[in-house]
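# What the coordinates show
Okay, here's what each chain looks like letter by letter:
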Amino acid sequence: MKLTLGFSPCPNDTFIFDALIHHKIDTEGLEFEVFYEDVETLNQKAFRGELDITKLSYHAFAYIVNKYVLLDAGSALGFGVGPMLIFKPPIEKFAFDTVQTKFENEEFTSVRTKTNMTSLLSKSKIGIPGKYTTANFLLSLAFPDAINKIEMVFSEIENALLNDEIDFGLIIHENRFTYQDKGLRKVIDLGEYWEQRTGCAIPLGGIVANRKLPLEVQHKINRVLKRSVEFAFANPKSGLEFIRSHAQEMSEEVMYKHIELYVNKYSLDLGEEGRKAINLLFDTAREKGIIPEINEDIFINP
């Protein structure tokens, strides 16, 4: 049986799927036609129901739970992995409404008031990696008045800041390892914001299967995917050339930092903790009117 499969070219995804698509494990007769896309493109494909299996943002998943079911394996959740809001110095270029904001330790400090930051962001152009990314959900949660957003491919946000095309940038993936080298600085780590608010890991992206597939096939996909993650953990260098071939000009050190950050116990199995974090994310988003009501069970049946 051949299935369409979409995931990003980022190291965490290529690390997870390497064994599966290259038959280093038993795929139980499944074959895969692979599509490599950035996360927002995958979100849009999922909205159209184009793929049998796909990586997507949890924010996007909230809108299409009637089309897809969440697998236990393959998710990206964790602590210290959240998106970051960054800017290009000097800080003096910003006009603040109330107090003088100091700049030290690479972030706006507590001298800055929430009202002050909210006012600034409401007047600023913010580059985001997609409307339906979890990153944008967290930005909306922390700063609901930040509405002047410009959607762009995540890898273009740093350059847009450097070229003064935007005032702030919302970065994800490997850009959290590179922004400082380009002279950019952090405003807030939205993952830390979520963790301090909830005590839970932040759910970023998951792997979903089309509900049109028979339940037995959904479970087969879940088993095979877990097997692929297990193989990757046991043989971390096995997919090195494959990972590198999709990692642009990323160094091997950055590649594996990226993998260590986003691939963890939740990638093997969401477990009770992972499911709790996802339910909390969706409950919070519904309360704030960020996502619609969800009536289906989002998780694959036991």
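Here the structure is a predicted model, which means the values were calculated and not measured. (Residues numbered from 1 in each chain as written. Predicted model: local features only at pLDDT ≥ 70, side-chain atom pairs only at ≥ 80, totals over all residues. Heavy atoms only, no water.)

With that settled, the discussion passes to the pairing of strand β12 (residues 185-189). Of all five residues that make up β12, four are buried, and the element is covered over most of its length. Two strands pair when backbone bridges link them, and strand β6 (residues 84-87) and β12 are joined in this way by four bridges, in the antiparallel orientation. Note on β12: the bridge partner recorded for I86 is K186. (Buried < 20%, exposed > 50% of the residue type's maximum accessible area, 1.4 Å probe, protein only. Helix = DSSP H or I, 4+ residues; strand = E, 2+ residues; numbered from the N terminus. Pairing = 2+ DSSP bridges.)

A separate point is the sheet that holds β6. Taken in spatial order, the five strands line up as β10-β9-β11-β6-β12 in an open sheet, and their pairing is mixed. In this open sheet, the two edge strands, each paired with only one partner strand, are β10 (149-151) and β12. Averaged over neighbouring strand pairs, the angle between their axes works out to 30 degrees when direction is ignored. In this structure, strand β9 (residues 126-128) lies alongside β10, joined through three bridges in parallel fashion. Bridge pairing links I126 to K149 in β10. (Axes fitted to C-alpha atoms, helices over the stretch in contact; angles between N-to-C directions.)

The topology assignment puts R176 in the loop between β11 (168-171) and β12. Each C-alpha atom, one on R176 and one on Y193, is 16 Å from the other, the two residues being 17 residues apart in sequence. Aside from chain neighbours lying at most four places away, what touches R176 is G80, V81, G82, M84, I171, D189, L261 and Y262. (Contact = heavy atoms within 4.5 Å.)

The final tally for this structure, using the stated rule, is 16 salt bridges. Note that K237 is salt-bridged to E252, the shortest N-O span being 2.8 Å. Of this pair, K237 sits in the loop between α8 (215-234) and α9 (240-245) while E252 sits in helix α10 (residues 252-262), placing them 15 residues apart in sequence. The class of K237 is partly exposed, set by a relative accessible area of 48%. By relative accessible area, E252 is classed as partly exposed at 32%. (Salt bridge = Lys/Arg side-chain N within 4 Å of Asp/Glu carboxyl O.)

Our next topic: the pairing of strand β13 (residues 202-210). For β13, a buried count of nine out of nine residues is recorded, marking the element as mostly surrounded by other parts of the structure. Judged from the three bridges that link them, strand β4 (residues 68-70) and β13 form a sheet pairing that is antiparallel. In the sheet register, L70 faces β13, and the bridge partner there is V208. Examined bridge by bridge, strand β5 (residues 76-78) and β13 share three bridges and lie antiparallel to one another. Note on β13: the bridge partner recorded for A76 is G205.

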